[in-house]
Amino acid sequence: MIAFITRRLLLGVLTVWLISVLSFVIIQLPPGDFVDAYIAQLSASGSQVSAAEADSLRHLYGLGEPFYVQYGKWLARIITGDFGESMEWRRPVTEVIGDRIWLTLLLSFAALLLTWSLALPIGIFSAVRQYSFADYAFTLIGFIGIAVPNFLLALVIMYFSFVWFGTSVGGLFSAEMTLAPWSLAKVWDLMKHLPLPALILALGGTAQLIRIMRANLLDELRRPYVVTARAKGLSETRVIVKYPVRAALNPFASNIAYLFPYLVSGSIIVSIVLGLPTVGPLLVKALVAQDMFLAGTIVLLLGVMTVVGTFISDLVLMWVDPRIRHQMD
Amino acid sequence: MAQIDSEKYAVATQLQLTWWRFRRHRLAMVSMVLVLLFYLLAVFADFLATTDPHATDARTSYIAPQPIHLFDDDGSFRPHVSGIKGVRDMRTFKLVYTVDPSRKVYIDFFGRGYSYNLFGLFETDRHLMTLKNPERGDGIFIMGTDLLGRDLWSRLMVATRVSLTIGLVGVTISLFLGVLLGGVSAVYGGLVDTVIQRIIEVVRSMPTIPLWLGLAAALPNDWSVLQIYFAITIIISLLAWTDLARVVRGKFLALKEEDFVMAAELAGASQGRIIFRHMLPSFASHIIAAVSLALPAMIISETSLSFLGLGLRPPAISWGILLQDAQNIQTLALAPWLLLSAIPVVVVILAFNFLGDGLRDAADPYG
């Protein structure tokens with residue numbers, strides 16, 4: 001069990017490192033060095049940068065030195081919490097991102113919980129009542145969930161809510177709460193707005209998990225031990241929940257580790273369509289404006305968040321499924 | 001009859017068996033026909049387009065979908081569309097279109113329109129439908145027009161070609177990477193296997209869209225449409241090969257233990273011959289199934305990227321670019337038909353999923 005956790009932890013560290021390299025590559029990709037871009041942007045807005053200032057900036061970022069030196073300097077500053085300055089906003093990157101990273105996390109996590117709590121019971125139900133009307137209905141919804149990219153779903157829902165209710169569904173807060181400081185009322189407002197975007201985000205993953213759960217459980221239900229359990233006179237609920245469901249959870253578990261990255265990824269695009277104050281719209285704007293420190297930092301933070309989330313979901317599953325605990329010893 | 005069948009069954013190749021089993025799967029068969037139709041449509045996109053998909057005209061901005069009338073007043077079969085008159089509302093300055101049913105513009109089949117290259121080989125200007133003697137602003141607007149007055153049907157045809165081929169090219173690259181790395185991983189095992197497996201796990205646990213966005217945003221602005229197209233394809237496939245690699249590795253490892261592989265080994269076959277002559281044919285159908293499941297994911301990726309304005313860029317036309325116009329609620333309220341481009345996206349993805357499921361079930365013909 002310790003070995004399993006260590007292995008997962010090492011893999012997580014490796015992933016974070018890889019993501020940090022990729023983020024730095026993204027920062028470096030635009031042609032020209034970014035001090036030039038920075039100076040151009042400053043002079044366009046009327047301020048002057050002296051040659052000495054420019055040189056000190058170049059030295060700070062290690063420009064002109066080999067890639068790994070620049071990367072090292074960047075990483076060293078990141079570890080101390082200095083993510084650089086956003087060129088477009090002229091403020092530290094961390095300040096620009098602010099609450100948005102937490103709202104992204106909240107949205108992804110809510111979608112994850114929703115995915116689990118929908119896929120499990122529906123999957124079980126569909127398998128136990130195979131070929132019933134509800135099974136067909138869920139299968140149909142499942143296929144729609146797989147076939148409709150979530151941004152498209154967001155667009156369609158937005159359109160119909162506009163046509164039918166005349167209101168826009170966008171946002172995580174109501175208008176009067178957007179700028180208000182955090183309070184209980186604001187949290188409550190957030191909770192009221194969260195379910196719809198979370199549901200839109202969760203549908204694709206839920207559809208896939210339902211199918212996996214249904215298929216696995218159907219395999220398990222045909223096993224002889226189920227017949228034995230029935231023959232012993234156990235109640236139907238007990239027969240199903242106590243053994244086959246737990247056995248069917250195993251492949252389900254290994255898929256969950258990849259669900260969280262998928263959700264974080266999806267939250268970007270859903271947020272843009274629905275106008276949610278997560279890092280999604282900020283990332284796209286930063287990339288279009290070539291505000292590379294902001295963009296690189298967001299990619300890095302999202303990556304780290306994903307790795308941490310995946311690690312936590314691994315731990316939860318280990319706690320739930322004793323076989324994972326013992327297999328890994 | 002049964003006798004002949006079982007004889008045929010005994011000597012059939014793996015792919016034949018898979019095909020026989022696949023044919024019994026009705027939904028998958030329908031989906032396959034649909035997918036083939038879509039690709040056919042992609043090949044003849046320009047022929048099916050009624051007007052130049054790039055031609056803008058301020059006088060045809062946001063025209064709602066217009067029906068084609070099949071019969072003339074006297075009941076004879078003469079397809080035509082009604083003339084449309086745009087009048088500017090002097091209070092809102094918005095163009096308001098009114099249909100003028102008395103003015104009929106007849107449709108010419110196989111008539112001449114804008115010129116294009118068929119199959120990239122020969123130039124022609126024949127189209128399925130064009131208008132006879134159109135006045136300025138007339139057109140066959142089956143799906144309406146966008147802000148710049150471009151005909152959506154024609155744009156959708158060309159977009160279908162772009163989006164569907166991006167999927168194919170991308171899957172080819174992913175397949176190459178997947179078979180290569182998955183195969184190497186299985187054949188060599190040991191440290192190589194461990195390293196490749198860890199790489200796969202790391203790639204799979206990264207959030208894809210932010211990375212794609214970051215890489216796609218760095219493509220130079222002065223690149224041609226074709227360069228961007230290939231760059232986007234490569235970016236998408238770089239993160240999409242892992243599933244294929246897992247399938248290939250899994251199958252390889254399973255087959256290694258089979259008797260017929262050992263028999264070939266004992267008979268002195270070379271490793272290359274064992275892999276390509278004995279093992280590959282028996283899991284080709286699994287690869288086909290995995291590919292047909294990877295294709296829709298690929299198509300969604302391109303559509304999402306272009307939708308966000310960081311994939312293909314205008315003047316290129318793809319599904320994502322068409323949907324980009326439908327991005328905000330103000331536009332949608334004004335021109336809801338822009339959302340029609342979503343239908344082929346959903347249909348194709350659904351068809352590919354059913355097709356892939358059918359193939360996966362059929363890939364184990366003895367099962």
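Residues numbered from 1 in each chain as written. Chains lettered and ligands numbered in written order. Predicted model: local features only at pLDDT ≥ 70, side-chain atom pairs only at ≥ 80, totals over all residues.

Remarks on the overall build of chain A
Stage number 1. When helices and strands are tallied, chain A shows 17 helices and two strands.
Stage number 2. Once local pairs closer than 6 in sequence are excluded, the contacts in chain A between residues at least 24 apart make up 73%. (Helix = DSSP H or I, 4+ residues; strand = E, 2+ residues; numbered from the N terminus. Contact = placed C-beta atoms within 7 Å.)

Comments concerning the overall build of chain B
Stage number 1. Looking only at helices and strands, one finds 14 helices and six strands in chain B.
Stage number 2. Across the 367 residues of chain B, 38% fall into the buried class.
Stage number 3. Contacts spanning at least 24 positions in sequence make up 69% of the contacts within chain B whose residues lie at least 6 apart. (Buried ≥ 20, exposed ≤ 12 C-beta atoms within 10 Å, placed from the backbone.)

Observations concerning the interface of chain B and chain A
Stage number 1. With 37 residues of chain B at the contact, the number on the chain A side is 43 residues.
Stage number 2. If you list the elements that add at least two residues to the side of chain B that touches chain A, you get helix 6 (190–204), helix 7 (208–217), helix 11 (271–307), helix 13 (329–334) and helix 14 (342–362) of chain B.
Stage number 3. Per-element tally for the side of chain B that touches chain A: the top contributor is helix 7 of chain B, with eight residues.
Stage number 4. When its residues are assigned to classes, the side of chain B that touches chain A shows 26 nonpolar, eight polar and three charged. (Nonpolar A, V, L, I, M, F, W, Y, C, P; charged D, E, K, R; others polar.)

Section: helix 14 (residues 259–274) of chain A
Residues and elements named next belong to chain A.
Stage number 1. The end-to-end C-alpha separation of helix 14 is 22 Å, in line with the 22 Å expected for 16 residues at 1.5 Å each.
Stage number 2. With 16 of its 16 residues buried, helix 14 lies for the most part within the structure.
Stage number 3. Positioned one or two residues after helix 14, Gly275 has a phi angle of 65°, which is positive. (Expected span 1.5 Å × (residues − 1).)

Examining the nonpolar core
Stage number 1. Within the largest apolar cluster, 158 residues are counted, with the highest numbers of intra-cluster contacts made by Leu283 and Ile298 of chain A together with Leu213 of chain B.
Stage number 2. With 15 residues, the top contributor of residues to this core is helix 11 of chain B.
Stage number 3. With residues near it in sequence (within four places) discarded, Ile298 of chain A still touches Ile97, Val279, Leu282, Leu283 and Ala286 of chain A together with Pro210 of chain B. (Core = buried A, V, L, I, M, F, W, Y, C linked by C-beta atoms within 7 Å.)

What about helix 1 (residues 2–28) of chain A?
Stage number 1. With 27 residues, helix 1 of chain A extends 39 Å from end C-alpha to end C-alpha; this agrees with the ideal 39 Å at 1.5 Å per step.
Stage number 2. Among all positions in helix 1 of chain A, only Thr15, Ile19, Ser23, Phe24, Ile26 and Ile27 of chain A are buried.
Stage number 3. Buried residues along helix 1 of chain A sit against helix 4 (67–79) and helix 16 (292–320) of chain A together with helix 6 and helix 7 of chain B.

Some words on the sheet that holds strand 2 (residues 77–88) of chain B
Residue and element names in this part refer to chain B.
Stage number 1. One open sheet accounts for four strands, arranged 1-2-3-6; its pairing is antiparallel. The sheet is open, and its two edges are formed by strand 1 (69–71) and strand 6 (129–131), each paired on a single side. Going from strand to strand, the sheet's axes swing by 40° on average, the running direction of each strand aside.
Stage number 2. Here strand 1 runs beside strand 2; their pairing, made up of two bridges, is antiparallel. (Pairing = 2+ DSSP bridges. Axes fitted to C-alpha atoms, helices over the stretch in contact; angles between N-to-C directions.)

Thoughts on the confidence of the model for chain A
Stage number 1. Of all residues in chain A, 88% attain a pLDDT of 70 or more, and the chain-wide mean is 81.
Stage number 2. Across chain A, the element-wise mean pLDDT spans from 65 in helix 17 (residues 322–327) of chain A up to 90 in helix 11 (residues 224–231) of chain A. (pLDDT = per-residue confidence, 0-100.)

A short note on the environment of Gln66 of chain B
Residue and element names in this part refer to chain B.
Stage number 1. With respect to the helices, strands and loops of the structure, Gln66 is situated in the loop between helix 4 (45–48) and strand 1.
Stage number 2. Residue classification places Gln66 among the partly exposed positions, given that 18 C-beta atoms sit within 10 Å.
Stage number 3. Through-space distance from the C-alpha of Gln66 to that of Ile140 is 7.3 Å; in sequence the pair is 74 residues apart.
Stage number 4. The contact partners of Gln66, leaving out residues within four places of it in the chain, are Val81 and Phe141.

Some remarks on unusual backbone geometry
Stage number 1. Here the residue pair Pro314 of chain B and Pro315 of chain B is connected by a cis peptide bond, since its omega of 10° sits within 30 degrees of zero.
Stage number 2. Among the secondary structure elements, Pro315 of chain B is positioned in the loop between helix 11 and helix 12 (319–324).
Stage number 3. Phi angles above zero are rare outside glycine, and Tyr131 of chain A is one such case at about 65°.
Stage number 4. You can see Tyr131 of chain A is positioned in the loop between helix 6 (100–128) and helix 7 (133–147).
Stage number 5. When the 8 C-beta atoms within 10 Å are taken as the criterion, Tyr131 of chain A is described as exposed.

Some thoughts on the pairing of strand 5 (residues 122–126) of chain B
Residues and elements named next belong to chain B.
Stage number 1. Counting buried positions over the five residues of strand 5 gives zero, only a small fraction of the element.
Stage number 2. Across four bridges, the pairing between strand 4 (residues 112–118) and strand 5 is antiparallel. Bridge pairing links Arg112 to Arg126 in strand 5.
Stage number 3. Counting the residues in the hairpin turn of strand 4 and strand 5 gives three residues, including Phe119, whose phi is positive at 55°.

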